[in-house]
Amino acid sequence: MFGDMAGMMGKLKEAQQKVEETKARLNHVLIDEKSSNGKVQVTVTANREIKAIQIDESLLNDAEELEDYLIMTLNKAIQRASEINEQELALAAKSGMPNIPGMDLFK
């Protein structure tokens, strides 16, 4: 029994390491998102870190319009990044998990 337990603990440690490696890799996965009119573009990592914001000069005269486009575009980019992040981390965790009967954590 203890041999199986040691093997499971090793598998869990491997799963944790894969998750950490995936988190590091996701820092380099970039998501670009543009506003509907193309005047605002943002770039975020799959770990939801903002890397760049580009704003068309025509928006600099209307703070309210600029804020609206920034909020909408950033929210779309963060949503896409979150989806990628969750999928990748779930795959990394699942691939390293030991098969424990009755514990179907990742269906």
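Notes on the structure in this doc start here. (Residues numbered from 1 in each chain as written. Predicted model: local features only at pLDDT ≥ 70, side-chain atom pairs only at ≥ 80, totals over all residues. Heavy atoms only, no water.)

1. Some details on the environment of Thr43
What counts is decided by this rule: Runs of H or I in DSSP of at least four residues are treated as helices and runs of E of at least two as strands, each being numbered from the N terminus. Exposure classes here rest on a 1.4 Å probe applied to the protein chains alone. A residue is buried below 20% of its type maximum, exposed above 50%, and partly exposed in between. The contact criterion used throughout is that any non-hydrogen atoms of two residues lie within 4.5 Å.
Summarising the element assignment, Thr43 is placed in strand β2 (residues 40–45). Residue classification places Thr43 among the buried residues on the basis of a relative accessible area of 11%. Along the backbone, Thr43 and Ile78 are 35 residues apart, and their C-alpha atoms lie at a distance of 9.5 Å. With residues up to four places along the chain from it excluded, the contact list for Thr43 reads Leu30, Ile31, Asp32, Glu49, Ile50, Lys51 and Ala52.

2. Side note on the pattern of salt bridges
Put simply, the test is: In what follows, salt bridge is the name for a side-chain nitrogen of Lys or Arg lying within 4 Å of a carboxyl oxygen of Asp or Glu.
This model, assessed by the stated rule, comprises 5 salt bridges. Its salt-bridge partner being Arg80, residue Glu33 comes within 2.9 Å of it at the nearest N-O pair. One end of the pair, Glu33, is in strand β1 (residues 30–34); the other, Arg80, is in helix α2 (residues 63–96), with 47 residues separating them in the sequence. Looking at Glu33, the relative accessible area reads 12%, which means it is buried. Of the charged contacts in the structure, one is a salt bridge between Lys51 and Glu49, with a shortest N-O distance of 3.3 Å. You can call Glu49 partly exposed: its relative accessible area is 40%.

3. Quick look at a nonpolar patch on the surface
Applied cut-off: The patch calculation keeps residues exceeding 30% relative accessible area without a salt bridge and links them within 9 Å when they carry like charges or within 5 Å when they are nonpolar (Val, Leu, Ile, Met, Phe, Trp, Tyr). Shrake-Rupley sampling with a 1.4 Å probe provides the accessible areas, and residues are treated as covered by the protein chains on show and by no other component.
On the surface, Ile50, Ile53, Ile55 and Leu60 cluster together to form a nonpolar patch covering roughly 340 Å² of accessible area. For Ile55, a relative accessible area of 33% translates into the label partly exposed.

4. Side note on unusual backbone geometry
The backbone of Arg48 shows a phi angle near 65°, a positive value even though the residue is not glycine. If you trace the backbone, Arg48 turns up in the loop between β2 and β3 (50–55). We classify Arg48 as partly exposed; its relative accessible area is 38%.

5. Details of the sheet that holds β2
Where we set the bar: We treat two strands as partners when DSSP finds at least two bridges between them. Lines fitted to C-alpha atoms define the axes, with helix axes restricted to the stretch in contact, and inter-axis angles between N-to-C directions lie between 0 and 180 degrees.
The 3 strands lie next to each other as β1-β2-β3, forming an open sheet whose pairing is antiparallel. Strands at the two margins of the open sheet, each flanked by one partner only, are β1 and β3. Strand after strand, the sheet turns through a mean of 10° between neighbouring axes, direction not considered. Bridging between β2 and β3 involves 5 bridges; their strand directions are antiparallel. Bridged to Thr43 within β3 is Ala52.

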